[in-house]
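Summary of the model geometry
Next come the chains, spelled out residue by residue.
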Amino acid sequence: MTAWIVAVTLAALALGLGPAPALAQQKWKGVATGRPLPHFALWTWFGEEVERRTGGQIKAEVASLPELGLTGFELVRVTRAGLVDFADIILGYVAGEVPIVEGVDLPALYPSMDASVRAHAAWLAAVRKYEDRLGGVVLGGYIWPGQYLVSRRPVRSPADLKGLKVRVYGAAQTEMAKALGMEPVAITFAEVYTALERGTVDAAITGSYPAFAIKLYEVARYLVDINHGPNSGVLVLSRRTWDRLTPEQQAMLRRLGDEFSERGWEMGRRTDREGIDRNREKGVEFIPLTPEMAAATRDVLTRVVLPSWLKRSGPEARALFNQYLAPYSGLTLP
């Protein structure tokens, strides 16, 4: 057993996690990104609905990543091992293990939030083709608010990006940052505040509302639209847990997953604007997308990020992109 499994198992036991007991007395344990974020309510709602719709046969509790000492990058392995019953798997976080799922979250891919929501809803069918590699059964999806540059100094043009040390997560963001002249630094969400405060990074890519929720306005005074768009996650039920369920319970969970997704798309829409507004109320200057920045990031997408994703993802990626993402991105791959 590897060291990470030992560590996670000990953390799981400390919090009462681990393999669930027999069907009649199942107690599910889930993990989601963080309690300060509005999205955490999606997961508590899911747990409450599981209990209600099974008449109390299944009770579910949700812990956050920091409570378990996890980063989110290891959740595929944690879920596959059955150490949690359901998990909040952020597609960008697991792109190293399953590169193809990151296709929906490539920066500068969509012309609007509406187009992005429709693309993410469509892409769930593609993600489900790889659900065993994600650790279980993909029940639903959601989006985060638009991803912005939270910066200690103003960024008003692509030239201002050059030399910035920037927090990134995922391969696509790393490539975009490098191509725009930034120095990417991979750190977890929980480390962003301290990194900005200490000057370890000059800026961070994160969602508008998450930036507000962890008070980044105290350490960075600029919120910059760099044409990134929202990123996404999926609700994954461990295969071990799924296989213990009756067909009726599985069908119920499929329906519940669809409802989760509808709430998840709307959560992303709402918190995108709310995040901008609340940061501005704290004195943060919001720098909207300029035509110059839009052109620069779209160029990097087509010239660097998209070709690299195709190479990482294998021969099936092109067809999946054209089937599910081309109608909303304005790009069709030859």
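Residues numbered from 1 in each chain as written. Predicted model: local features only at pLDDT ≥ 70, side-chain atom pairs only at ≥ 80, totals over all residues. Heavy atoms only, no water.

1. Some thoughts on the nonpolar core
Short version of the rule: Grouping buried Ala, Val, Leu, Ile, Met, Phe, Trp, Tyr and Cys residues that are joined through side-chain atoms within 4.5 Å yields what is termed a nonpolar core. Note on exposure labels: buried denotes an accessible area under 20% of the residue type's maximum, exposed denotes more than 50%, and partly exposed covers the range between, all computed with a 1.4 Å probe on protein chains only. Strands here mean DSSP runs of E at least two residues long; helices mean DSSP runs of H or I at least four residues long; both are numbered from the N terminus. Contacts are assigned to residue pairs that have any heavy atoms within 4.5 Å of one another.
Core analysis: the largest hydrophobic core is formed by 118 residues, its most contacted members being Phe46, Leu149 and Leu253. Ranked by residue count, the leading element in this core is strand E4 (residues 136-151), at 9 residues. Leave out the neighbours within four places in its chain, and Leu149 touches Val155, Leu161, Leu164, Val166, Ala203, Ala204, Ile205, Tyr222, Leu223, Val224 and Ile226.

2. Details of helix H6 (residues 171-179)
Residues of H6 that are buried include every one of Ala172, Gln173, Glu175, Met176 and Ala177, and no others. Where H6 ends, the next residue or the one after it, Gly181, has phi of about 90°, a positive value.

3. Section: the side chain of Ser64
Mapped onto the fold, Ser64 is located in strand E2 (residues 58-64). Apart from residues no more than four positions distant in its own chain, Ser64 is found in contact with Val31, Ala32, Thr33, Gly34, Arg35 and Phe40.

4. Here's the deal with the environment of Trp45
Tracing the backbone shows Trp45 in helix H2 (residues 40-53). Residue classification places Trp45 among the buried positions, given a relative accessible area of 12%. Remark: the alpha-carbon pair of Trp45 and Phe260, spanning 215 residues in sequence, is separated by 8.6 Å. The residues contacting Trp45, other than those within four sequence positions of it, are Arg53, Leu256, Glu259, Phe260 and Arg263.

5. Here's the deal with the pairing of strand E5 (residues 165-168)
Which entries qualify depends on this criterion: Note on pairing: two strands pair once DSSP finds at least 2 bridges between them. Throughout, right-handed denotes a crossover for which the path from the first strand over the helix to the second runs clockwise when the strands point away from the viewer.
When E5 meets strand E6 (residues 183-186), the two strands line up parallel, connected through 4 bridges. Residue pairing in the sheet places Val166 in a bridge with Pro184 of E6. In this region the chain leaves E5, passes through H6 and returns to the parallel neighbour E6; the handedness of that crossover is right-handed.

6. Thoughts on the pattern of salt bridges
Going by this rule: Each salt bridge in this description consists of a side-chain nitrogen of Lys or Arg and a carboxyl oxygen of Asp or Glu lying within 4 Å of one another.
Enumeration according to the criterion identifies 16 salt bridges in this entry. With its nearest N and O atoms 2.6 Å apart, the salt bridge here joins Arg35 to Glu67. Of this pair, Arg35 sits in the loop between strand E1 (26-32) and H2 while Glu67 sits in helix H3 (residues 65-68), and the two are 32 residues apart along the sequence. For Arg35, a relative accessible area of 44% corresponds to the partly exposed category. Of the charged contacts in the structure, one is a salt bridge between Glu285 and Arg156, with a shortest N-O distance of 2.7 Å. With Glu285 in strand E10 (residues 285-287) and Arg156 in the loop between E4 and E5, the pair connects residues that are 129 residues apart, well separated along the chain. Residue class for Arg156 comes out partly exposed when judged on its relative accessible area of 42%. Taken together, the salt bridges that share partners define one network made up of Glu49, Arg52, Arg53 and Glu259.

7. Observations concerning helix H5 (residues 113-128)
Stated precisely, the cut-off is as follows: One fewer than the residue count of a helix, multiplied by 1.5 Å, yields its expected span. A residue's bend is simply the angle between two axes: one fitted to the seven residues ending at it, one to the seven starting at it.
Taking 1.5 Å per residue, 16 residues should reach 22 Å; H5 reaches 23 Å between its end C-alpha atoms and fits that length. The largest bend in H5 amounts to roughly 30° and is located at Ala122. Summarising the contacts, the buried residues of H5 are in contact with E4, strand E9 (230-238), helix H10 (247-281), helix H11 (291-313) and helix H12 (317-329).

8. So, the packing of aromatic side chains
Selection criterion: Any pair of Phe, Tyr and Trp rings, taking the six-membered ring for Trp, is counted once the centres come within 6.5 Å. Such a pair is stacked with planes under 30 degrees apart, edge-to-face with planes over 60 apart, and tilted for the rest.
For the structure on display, the rule yields 14 aromatic pairs. Plain terms: the ring middles of Tyr142 and Phe260 are 6.4 Å apart, the flat faces sit at 80° to each other, and that makes the pair edge-to-face. Here Tyr142 is found in strand E4, whereas its partner Phe260 is found in helix H10, with 118 residues between them in sequence. Taking the centre distance of 5.6 Å and the plane angle of 75° together, the rings of Tyr209 and Phe212 count as edge-to-face. Here Tyr209 and its partner Phe212 are both found in helix H8 (residues 208-213), 3 residues apart, which amounts to about one turn of the helix. Residue classification places Tyr209 among the buried residues on the basis of a relative accessible area of 8%. Residue Phe212 is classed as buried on the basis of its relative accessible area, which comes to 16%. Ring-pair connections join several aromatic residues into one group, and the members of that group are Trp28, Trp43, Phe46, Phe86, Tyr142, Trp144 and Phe260.

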